Amino acid sequence: MNVVIVGAQWGDEGKGKVVDLYSAQAEYIVRYQGGNNAGHTLVVNGRKTVLHLIPSGILHPGKICLIANGVVFDPAVFFEEVESLRASNAFSAEPHEAVRVSERAHVILPYHRLLDKLREERAAKGKIGTTVRGIGPAYEDKVARRGIQVVDLLRPELLRAKLAKAIEEKNVLLKHHFGAPEIEIAPLYEECLALGERLKPYIADVRSLLAQALEQERPILFEGAQGTLLDVDHGTYPYVTSSNTVSGGALTGSGLGPGFPVRVIGITKAYTTRVGTGPFPTEIEHTEAETAREIRRIGSEFGATTGRPRRVGWLDLVALKYAVEVNGITGLALMKADILDGFDHVKLCTSYRLGGNTVYDLPSCVEDLERVEPAYEVLPGWPKYDRSKVQGIEDLPSELKDYIRTIEEFLKVPVVLMSTGPGREETWIVSDPFQKI
Ligand code: GDP
Ligand code: IMO
Ligand code: MG
């Protein structure tokens, strides 16, 4: 069996923790979209590791971590991450035996980061609040057919020609639109060649490795980044990232067809957070400011990539139902319910009010989504409880069990994993998605 992990909300649901846990059963762990806009946190034996680019299976010796074609790849960040993992003795062999990068992945270059920054600074209104890692501009170049791929870093003549093409329009934009200095090709070209040389041992035909893995029935774990509502096609456009974060992205982003056995596990917090701008129907920053502050404080809701405070709100079942549908989610991992321990009451949004009507689907137009009023089912909170006395979900306080049951019944999807702390061991597995039924 193979498993796709997707964020079912706006990112930071706890994907890194679940991927680390599930990696014990996988042989290959694959990042298939996004780039180092991701910040995936793993806590193993009390030690915290934040990964931006390298798959979250890396702390398990003997696994193969793949960065597939759908990722936008920043080589400088990659080497920083490799060195930091090496310094913490994470590699049991040479790093390039554990991590491979697709020849076809597109490269994030300094001008992508620069444009991301200049655009965000320039936007008076409609700022996306990006991570400023150059993700959007790199995907733009890919779709505009002027991107630099990893394989190009190994072909000096081709690289020079492609860089010249890529830079031509950028310099017009930089000089005349942003009033910024133009890019010089020569130093960039030298830098790219040097990066290519250093990257050589890591570069592979990742698609072919995965096809062989499927053929040999080796279990593959696909690690989604960001979240469903940040998907460029299905999210709260234009307040989204620039890739397909939904489970379909695992196919196009790694070069596999849809016929193989797979389960899709949606990761959700017991509440909701969002970083950056854009609609967020159940946000409580202004309506229940004290509760928002408490959740942010107890849940340490600050971005793993940029350190920005995350916006906080109640669990939105309308949005989650949408995520179940667009991803084909077969099981849910419910994270961070511990943050709500001891709350007097908790709320679940089960519909929206829009212009005097009740709606049960996520409106497609961002203006409508900005206007909706959430309608809540209010449930009693659960007391703080002694986790050492709990063997599984059946031993939880009855109010928490009710909360979980309400979510499952609304979504018609079972909770297959429940997490009650950042550590690997702070988890109850209800059923193992890698097992054949
Ligand atoms: P990701 O981007 O989806 O991998 O999530 P992040 O790593 O950005 O954010 C999730 C944060 O919550 C991290 O700091 C995790 O260590 C932490 N975390 C994950 N699961 C739990 C949990 O069940 N309880 C608590 N208290 N923290 C958790
Ligand atoms: P993980 O994988 C939360 C958000 C940014 C911004 C929007 C576009 O850790 O869940 P981008 O830099 O991608 O062009 O920014 O997407 N965003 C994330 N929010 N978690 C992430 O990743 C995110 N990656 C991007 O805040 O709103
Ligand atoms: Mg994150």
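## As for the packing of helix α2 (residues 75-87) against helix α7 (residues 185-199)
1) Next: As a packed pair, α2 and α7 sit with axes 11 Å apart at the nearest point and diverge in direction by 40°. Overall, the two elements α2 and α7 adopt an arrangement that is oblique. For the crossing formed where α2 meets α7, the hand is left-handed. Of the residues in α7, those in contact with P75, F78, F79 and E83 of α2 are L195, R198 and L199.
2) Next: Across the contact of α2 with α7, the residue classes break down as five nonpolar, no polar and two charged.

## Quick word on the nonpolar core
1) Next: Ranked by size, the top nonpolar core spans 59 residues in total, and within it Y22 and F78 carry the most contacts.
2) Next: With sequence-adjacent residues up to four places away left out, F78 is seen in contact with L53, I54, I67, F73, V99, V101, L199 and Y202.
3) Next: Counting 53 residues, the second-largest nonpolar core is a separate cluster that includes L317, W382, I407 and M418.

## Here we look at the state of the cysteines
1) Next: Evaluated as defined, the whole model comprises zero disulfides.
2) Next: Counting only cysteine sulfurs, C365 is the nearest neighbor of C349, a cysteine outside any disulfide, at a range of 18 Å.

## Things to note about the site of ligand 1
1) Next: Neighbouring residues of ligand 1: 19 residues in total, closest K15, G16, T41, D338 and S419.
2) Next: Computed on the free molecule, ligand 1 has an accessible area of 580 Å², of which 91% lies beneath the protein chains in the complex.
3) Next: Mapped by element, the contributors of at least two residues to the shell around ligand 1 are α1 (15-22) and β3 (40-44).
4) Next: For the shell around ligand 1, the leading source of residues is α1, giving three residues.
5) Next: When the residues that make up the shell around ligand 1 are grouped by side-chain class, the tally is four nonpolar, eight polar and seven charged.
6) Next: Of the residues that make up the shell around ligand 1, three or more belong to each of domain 1 (2-102 + 204-264) and domain 3 (266-429).

## Notes on the domain arrangement of the protein
1) Next: Assigned domains of the protein: these are domain 1 (2-102 + 204-264), domain 2 (106-199) and domain 3 (266-429).
2) Next: On the domain 3 side, the residues contacting the 39 residues of domain 1 number 44 residues.
3) Next: Taking both sides of the interface into account, the surface hidden between domain 1 and domain 3 amounts to around 3100 Å²; carbon and sulfur atoms contribute 58%.
4) Next: Our count for the domain 1 to domain 3 interface comes out at two salt bridges.
5) Next: Across the pair D12 and R310 runs a salt bridge whose closest N-O atoms are separated by 3.1 Å.

## Focus: the site of ligand 2
1) Next: In the vicinity of ligand 2 lie 20 residues, with D12, K15, H40, T131 and T241 positioned nearest.
2) Next: At a separation of 2.9 Å, an oxygen atom of ligand 2 approaches a polar side-chain atom of R308.
3) Next: Contact with the protein chains covers 97% of the free accessible surface of ligand 2, which is 550 Å².
4) Next: Its residues assigned to classes, the shell around ligand 2 comprises seven nonpolar, ten polar and three charged.

## Considerations on the side chain of Q33
1) Next: Relative to the helices and strands, Q33 is located in the loop between β2 (28-31) and β3.
2) Next: A distance of 2.6 Å separates the side chain of Q33 from the backbone nitrogen of A225, its partner in a polar contact.
3) Next: Here Q226 takes part through its side chain, which lies 3.2 Å from a polar atom of the side chain of Q33.

## Notes on the coordination of the magnesium ion (ligand 3)
1) Next: Surrounding the magnesium ion (ligand 3) are the protein donor atoms D12 (OD) and G39 (O), at 2.0 to 2.2 Å. Residue D12 is located in the loop between β1 (2-7) and α1, and its partner G39 is located in the loop between β2 and β3; the two are separated by 27 residues in the primary sequence.
2) Next: According to the relative accessible area criterion, D12 is partly exposed, its value standing at 21%.

## Structural notes on the pattern of salt bridges
Pairing between side chains of opposite charge can happen when their charged atoms approach one another.
1) Next: In total, this model carries 26 salt bridges according to the counting rule given.
2) Next: Between R218 and E27 there is a salt bridge; the shortest N-O distance is 3.8 Å. Taken together, the residues R218 in the loop between α8 (206-215) and β10 (220-223) and E27 in the loop between α1 and β2 connect sequence positions 191 residues apart.
3) Next: Judged by relative accessible area, which is 31%, E27 ranks as partly exposed.
4) Next: In this structure, D368 and R371 form a salt bridge, with 3.2 Å as the shortest nitrogen-oxygen distance. One end of the pair, D368, and the other, R371, are both in helix α12 (residues 366-371), three residues apart, so they sit about a helical turn from each other.
5) Next: For D368, a relative accessible area of 24% gives the class partly exposed.

## Some points on the packing of helix α6 (residues 156-177) against α7
1) Next: Close contact between α6 and α7 brings their axes to 10 Å; oriented N to C, the two are set at 135°. The angle between α6 and α7 places the two elements in the oblique class. Every pair of crossing elements has a handedness; the one defined by α6 and α7 is right-handed. Residues P156, L159, R160, L163, A164 and I167 of α6 form the contact with α7, whose own contacting residues are I185, L188, Y189, C192 and L193.

The rules behind these values
Residues numbered from 1 in each chain as written. Chains lettered and ligands numbered in written order. Predicted model: local features only at pLDDT ≥ 70, side-chain atom pairs only at ≥ 80, totals over all residues. Heavy atoms only, no water. Axes fitted to C-alpha atoms, helices over the stretch in contact; angles between N-to-C directions. Helix = DSSP H or I, 4+ residues; strand = E, 2+ residues; numbered from the N terminus. Parallel < 35°, antiparallel > 145°, perpendicular 65-115°, else oblique. Left-handed = near helix turned anticlockwise from the far one by under 90°. Contact = heavy atoms within 4.5 Å. Nonpolar A, V, L, I, M, F, W, Y, C, P; charged D, E, K, R; others polar. Core = buried A, V, L, I, M, F, W, Y, C linked by side-chain atoms within 4.5 Å. Buried < 20%, exposed > 50% of the residue type's maximum accessible area, 1.4 Å probe, protein only. Disulfide = S-S within 2.5 Å. Near = heavy atom within 4 Å. Areas by Shrake-Rupley, 256 points an atom, 1.4 Å probe, with all protein chains shown as cover. Domains from an automatic or database assignment. Buried area = accessible area lost by both parts, 1.4 Å probe. Salt bridge = Lys/Arg side-chain N within 4 Å of Asp/Glu carboxyl O. Polar contact = N/O pair within 3.5 Å; in protein donor to acceptor, adjacent residues only side chain to side chain. Donors = N, O, S within 2.8 Å, 3.2 Å for Na, K, Ca; no water.

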